Amino acid sequence: MTPIINIELIIAIHDNVLEISGGAVGVDKNKLAGALSRVEQQIHYNELNDVFEIASWYAVAIAKGHGFVDGNKRTGLSTMLTFLDIQGISIKESTGLDDMMVDMVESQLPHEILVQKLAIYIQYFVIRE
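Each chain carries its own residue numbering, running from 1 in the written order of its sequence. The predicted origin of the model limits local features to residues at a pLDDT of at least 70 and limits the giving and counting of side-chain atom pairs to 80 or more, whereas totals for whole chains, interfaces and linings rest on all residues. The side-chain numbers reported here are obtained from all heavy atoms of the structure, hydrogens and water having been left aside.

(A) Representation of the overall build of the protein chain in the model. Put simply, DSSP H or I for four residues or longer makes a helix, DSSP E for two residues or longer makes a strand, and each gets a number counted from the N terminus. Within the protein chain, the regular secondary structure consists of 6 helices and 0 strands. Along the protein chain, helices (α) and strands (β) appear in the sequence α-α-α-α-α-α when read from the amino end. Radius of gyration: C-alpha atoms only; globule rule: 2.2 Å multiplied by the number of residues to the exponent 0.38. For the protein chain, whose C-alpha radius of gyration is 13 Å, the value lies close to the compact-globule estimate of 14 Å for 129 residues. Dimensions along the principal axes, computed over C-alpha positions, put the protein chain at roughly 35 × 35 × 30 Å. A 1.4 Å probe rolled over the protein chains alone gives each residue an accessible area, and that area as a share of the maximum for its type sets the label: buried under 20%, exposed over 50%, partly exposed in between. Within the protein chain, the proportion of its 129 residues that are buried is 43%. Sequence-distant contacts, at least 24 apart, represent 73% of the contacts inside the protein chain between residues at least 6 apart. Accessibility throughout is a Shrake-Rupley quantity obtained with a 1.4 Å probe, and a residue counts as covered only by protein chains that appear here. Accessible surface, the protein chain as shown: approximately 7,100 Å² in total, 49% of it carbon and sulfur. Here a residue-residue contact requires only that any non-hydrogen atoms of the pair lie within 4.5 Å.

Encoded structure:
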C-alpha cells in the first residue's frame, strides 16, 4: 500500500511554500481535512492504487478545497510532487504544472476528470534513469 499523506505533512508543505514564495498565513483544518478525506475515499472505497492518480487527487483536492488562506494551488502541486517523491518518482522541472494547476482550479470539470487529465500529463515528465 502506498503511504498516505497526512494533514500535518500538508500543513508543513504549505508552510514551506509560503516561506519560499510568500503569501498569507492561515488554515481551516476542517476544509483541509475534507480535502484529504476525498483522497482517502478514492484510495479505500474505489481501490485506487495508481500512484499518478493518487498524486493527482492530492493536487486537485487540496487546490480546490481551499483549506488555506493563500497558497492552495502551490500546496496542492507541492503535495503531489512530495507524494511522487515518496514513491521514488521524480518529475522534471519547468513542466508547466503551475499553469496547469491554475487551469484546474478555474475549471468546472468534475474532479474525477481533472485527476485523470493531470495523471496522464505528469507521466510525460517522469525522470527515467
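From this point on, the discussion continues.
(B) Molecular detail of the nonpolar core. The biggest cluster of nonpolar side chains holds 40 residues, and the ones touching the most others in it are F52, Y58, M80, L84 and L118. Of all the secondary-structure elements, those providing two or more residues to this core are α1 (7-21), α2 (29-45), α3 (51-65), α4 (72-86), α5 (97-106) and α6 (111-123). Here this core gets 11 residues from one element, more than from any other, and that element is α3. Sequence-distant contacts of L118, defined by excluding residues within four places in its chain, comprise S56, A59, V60, M80, L97, M100 and M104. Note on terminology: a nonpolar core comprises buried Ala, Val, Leu, Ile, Met, Phe, Trp, Tyr and Cys residues joined through side-chain atoms within 4.5 Å.

(C) Local environment of the packing of α1 against α4. Every axis in this analysis is a line fitted to C-alpha atoms, fitted for helices over the stretch in contact. Angles between the N-to-C directions lie between 0 and 180 degrees. Contact geometry of α1 with α4 gives a least axis separation of 9 Å together with a crossing angle of 120°. Taken together, the axes of α1 and α4 are oblique relative to one another. The hand of the α1/α4 crossing is right-handed. Contacts between α1 and α4 involve L9, I10, I13, H14, V17, L18 and S21 from the former and R74, T75, S78, T79 and T82 from the latter. Working definition: roughly parallel below 35 degrees, roughly antiparallel above 145 degrees, roughly perpendicular at 65 to 115 degrees, and oblique for all remaining angles. A clockwise turn of the near helix away from the far one marks a right-handed crossing, whereas an anticlockwise turn of less than a right angle marks a left-handed crossing.

(D) Examining α6 more closely. What a helix should span is 1.5 Å times the count of its residues minus one. With 13 residues, α6 ought to run about 18 Å at 1.5 Å a step, and its terminal C-alpha atoms sit 18 Å apart, in line with that. Those residues of α6 not exposed but buried are H111, L114, V115, L118, A119 and I122. The buried residues of α6 occupy an angular sector of 135° when projected down its axis, which confines them to one face. Within this analysis, the arc is defined by the directions that extend from the helix axis to the C-beta atoms.

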